[in-house]
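# Chains, contacts and geometry: an overview
Below are the chains, spelled out letter by letter.
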There are 2 protein chains.
Amino acid sequence: MNRIFRALADATRRDIVARVLTGEQSVSALAARYEMSFAAVQKHVAVLEGAGLVIKRPSGRERFVRGNPERLARARGLLAQLEGLWRDRFSQLDTVFADPSLRE
Amino acid sequence: MNRIFRALADATRRDIVARVLTGEQSVSALAARYEMSFAAVQKHVAVLEGAGLVIKRPSGRERFVRGNPERLARARGLLAQLEGLWRDRFSQLDTVFADPSLRE
DNA sequence: AGTACGTGTAACCATTTGGTTGTAGATTAT
DNA sequence: ATAATCTACAACCAAATGGTTACACGTACT
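Predicted, not measured: the structure shown is a model, and the values here were computed from it.

Calculation rules
Residues numbered from 1 in each chain as written. Chains lettered and ligands numbered in written order. Predicted model: local features only at pLDDT ≥ 70, side-chain atom pairs only at ≥ 80, totals over all residues. Heavy atoms only, no water. Near = heavy atom within 4 Å. Polar contact = N/O pair within 3.5 Å; in protein donor to acceptor, adjacent residues only side chain to side chain. Helix = DSSP H or I, 4+ residues; strand = E, 2+ residues; numbered from the N terminus. Nonpolar A, V, L, I, M, F, W, Y, C, P; charged D, E, K, R; others polar. Contact = heavy atoms within 4.5 Å. Buried area = accessible area lost by both parts, 1.4 Å probe. Salt bridge = Lys/Arg side-chain N within 4 Å of Asp/Glu carboxyl O.

With that settled, the discussion passes to the protein's contact with DNA strand D. Close contacts around DNA strand D come from 21 residues, with Ser-37, Lys-43 and His-44 of chain A together with Ser-28 and Arg-63 of chain B the closest. Restricting attention to atoms of DNA strand D within 4 Å of the protein, one finds that 70% of them are sugar or phosphate atoms. Within the side chain of Ser-37 of chain A, one N or O atom sits 2.5 Å away from a phosphate oxygen of DNA strand D. Side-chain polar atom of His-44 of chain A to a phosphate oxygen of DNA strand D: 2.2 Å apart, as the coordinates give it. Taken together, the elements giving at least two residues each to the surface near DNA strand D come down to α4 (38-50) of chain A together with α3 (27-31), α4 (38-50) and β3 (62-67) of chain B. The element contributing the most residues to the surface near DNA strand D is α4 of chain A, with four residues. Split into classes, the residues belonging to the surface near DNA strand D amount to six nonpolar, six polar and nine charged.

Our next topic: the interface of chain A and chain B. By convention, interface size is frequently given as the accessible area that disappears when the constituent parts associate. At the interface, 27 residues of chain A touch 27 residues of chain B. Carbon and sulfur atoms supply 69% of the area that chain A and chain B bury against each other, a total of about 2,500 Å² over both sides. Here chain A and chain B share two salt bridges between them. Its salt-bridge partner being Arg-76 of chain B, residue Glu-83 of chain A comes within 2.3 Å of it at the nearest N-O pair. The tally of links from chain A across to chain B stands at four residue pairs in polar contact (both at pLDDT 80 or more). Counting residues per element, the ones that place at least two in the side of chain A that touches chain B are α1 (2-8), α2 (11-22) and α5 (69-87) of chain A. Ranked by the residues each element gives to the side of chain A that touches chain B, the list is headed by α5 of chain A, at 12 residues. Within the side of chain A that touches chain B, the residues separate by chemical class into 18 nonpolar, three polar and six charged.

If you want it as structure tokens, here you go:
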């Protein structure tokens, strides 16, 4: 999970994820869109791949990158779970009040 | 957004968020739960505060920390938006096919 | 065969991160 | 008044990040 959130903590990488979710793109096609070096973009893609947010498919000399929505869903699930803790933050208190042993 | 995801990219910090979402806790009460130094936990809380994931309320000599679900929702919203791109990844193609000028 | 292209990796650099210890200020307890 | 507690912050350190340039290797083009 650390790697997923860490990978998403960079605007360039979030942008790459958004692009490759709508359609496969080669690494060099991605690199052409950013003002940094090819190597930098290649490293960003490697980080995303390490986090499972992106999958590479080799084809000849190029690698096509596509997004993996499953991993996004995992991260979103964790956030939803945390928000659930907030929503149910009084449940323990409710349990106490509902406890028959306290009912006298 | 960078700071939100970066703050969540650490297991200790995610744990802190989970704890303070269910109820306020002082910084030292939090620190007592982890095996690192007080200063380390204090820094983690500061990172979470900088990301807006957590809010501190001063009371006497201690600061009570509570979670801020709004920021979590923002992050979750971004993920949902990205997943939406995936879900609608053929919409542009659909638009092309639906284009009357191409219907001949 | 030779050249150009796409990718990965290594070496390097500046900055950030996650941890430590120590110190200082403010508040509370004795 | 003194001591203990809670918090913040500074200085330091090792490791990770995000970027660079240069090079090596496999594939495609002419």
